[in-house]
Amino acid sequence: MKDQILRDLGEVRYHQATNMWSLIAVDGAVKTITQNRMRMRVQRLVKAAAERAAAATYPEARLSPAEAHKRAAALMNEIKADQKARGRV
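The model shown is predicted, which means the values in this text are computed figures rather than measured ones.

About the thresholds
Residues numbered from 1 in each chain as written. Predicted model: local features only at pLDDT ≥ 70, side-chain atom pairs only at ≥ 80, totals over all residues. Heavy atoms only, no water. Pairing = 2+ DSSP bridges. Helix = DSSP H or I, 4+ residues; strand = E, 2+ residues; numbered from the N terminus. Buried < 20%, exposed > 50% of the residue type's maximum accessible area, 1.4 Å probe, protein only. Contact = heavy atoms within 4.5 Å. Salt bridge = Lys/Arg side-chain N within 4 Å of Asp/Glu carboxyl O. Phe/Tyr/Trp six-rings, centres within 6.5 Å; stacked < 30°, edge-to-face > 60°. Core = buried A, V, L, I, M, F, W, Y, C linked by side-chain atoms within 4.5 Å.

**Comments concerning the pairing of strand 3 (residues 30-34)**
Relative to strand 3, strand 2 (residues 20-24) runs antiparallel, the two sharing five bridges. When the bridges of strand 3 are listed, Leu 23 appears paired with Lys 31. Hairpin connection of strand 2 to strand 3: five residues between the antiparallel strands, including Gly 28 at a positive phi of 95 degrees.

The following block contains the structure:
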């Protein structure tokens, strides 16, 4: 599920000094958004992916907003750690 979310999100870059995120489109266009907007974007993708996965096995299953927030925060922290390890921050 994480791989699908990262594909849906596209190429992103975290800027530690400003606490902002850059979304890099396929054509090279860059859009900079705040930490909160990024969290909401990732949260929507996490929730959609979880609902797609749950619908295949449990049609009545839904992801709560709190759980979606927790998963989105964890995924964003993984992205930050990965970029820090690569020296991109």
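Having seen the structure, we can now continue with the description.
**Comments concerning the side chain of Gln 43**
Tracing the backbone through its elements, the reader meets Gln 43 in helix 2 (residues 35-57). Judged by its relative accessible area of 17%, Gln 43 falls in the buried class. Apart from the residues lying within four places of it in its own chain, the contact partners of Gln 43 are Pro 65, Ala 68, His 69 and Ala 72.

**Things to note about the pattern of salt bridges**
Tallying each qualifying case throughout the model produces five salt bridges. Here Arg 71 ties to Glu 67 by a salt bridge, and the two come within 3.1 Å at their closest N and O atoms. A residue pair is termed a helical-turn pair when its members lie 3 or 4 positions apart in one helix, as Arg 71 and Glu 67 do in helix 3 (residues 65-86) at four residues. For Arg 71, a relative accessible area of 32% translates into the label partly exposed. For Glu 67, a relative accessible area of 23% gives the class partly exposed. Connected through shared salt-bridge partners, Glu 67, Lys 70 and Arg 71 make up one network.

**Section: the pairing of strand 2**
Two strands pair when backbone bridges link them, and strand 1 (residues 11-15) and strand 2 are joined in this way by five bridges, in the antiparallel orientation. Within strand 2, the position partnered with Tyr 14 by the bridge is Trp 21. Hairpin geometry of strand 1 and strand 2 is characterised by an intervening segment of four residues between the two adjacent antiparallel strands and by a positive phi of about 60 degrees at Asn 19.

**Topic: the packing of aromatic side chains**
One pass over the structure, following the stated rule, counts one aromatic pair. Between Tyr 14 and Trp 21, the ring centres sit 5.0 Å apart and the planes meet at 50 degrees, which makes this aromatic pair tilted. Side by side, Tyr 14 and Trp 21 carry an identical accessibility label, which is buried.

**Some details on the nonpolar core**
A general tendency of soluble globular proteins is for nonpolar side chains to be buried together. Residues Val 12, Trp 21, Met 38, Val 42 and Val 46 are the most contacted members of the largest nonpolar core, which totals 18 residues. Put simply, the parts of the chain that give this core at least two residues each are helix 1 (2-9), strand 1, strand 2, helix 2 and helix 3. If we ignore the near neighbours within four places in the chain, the residues touching Val 12 are Trp 21, Ser 22, Leu 23, Met 38, Ile 79 and Gln 83.

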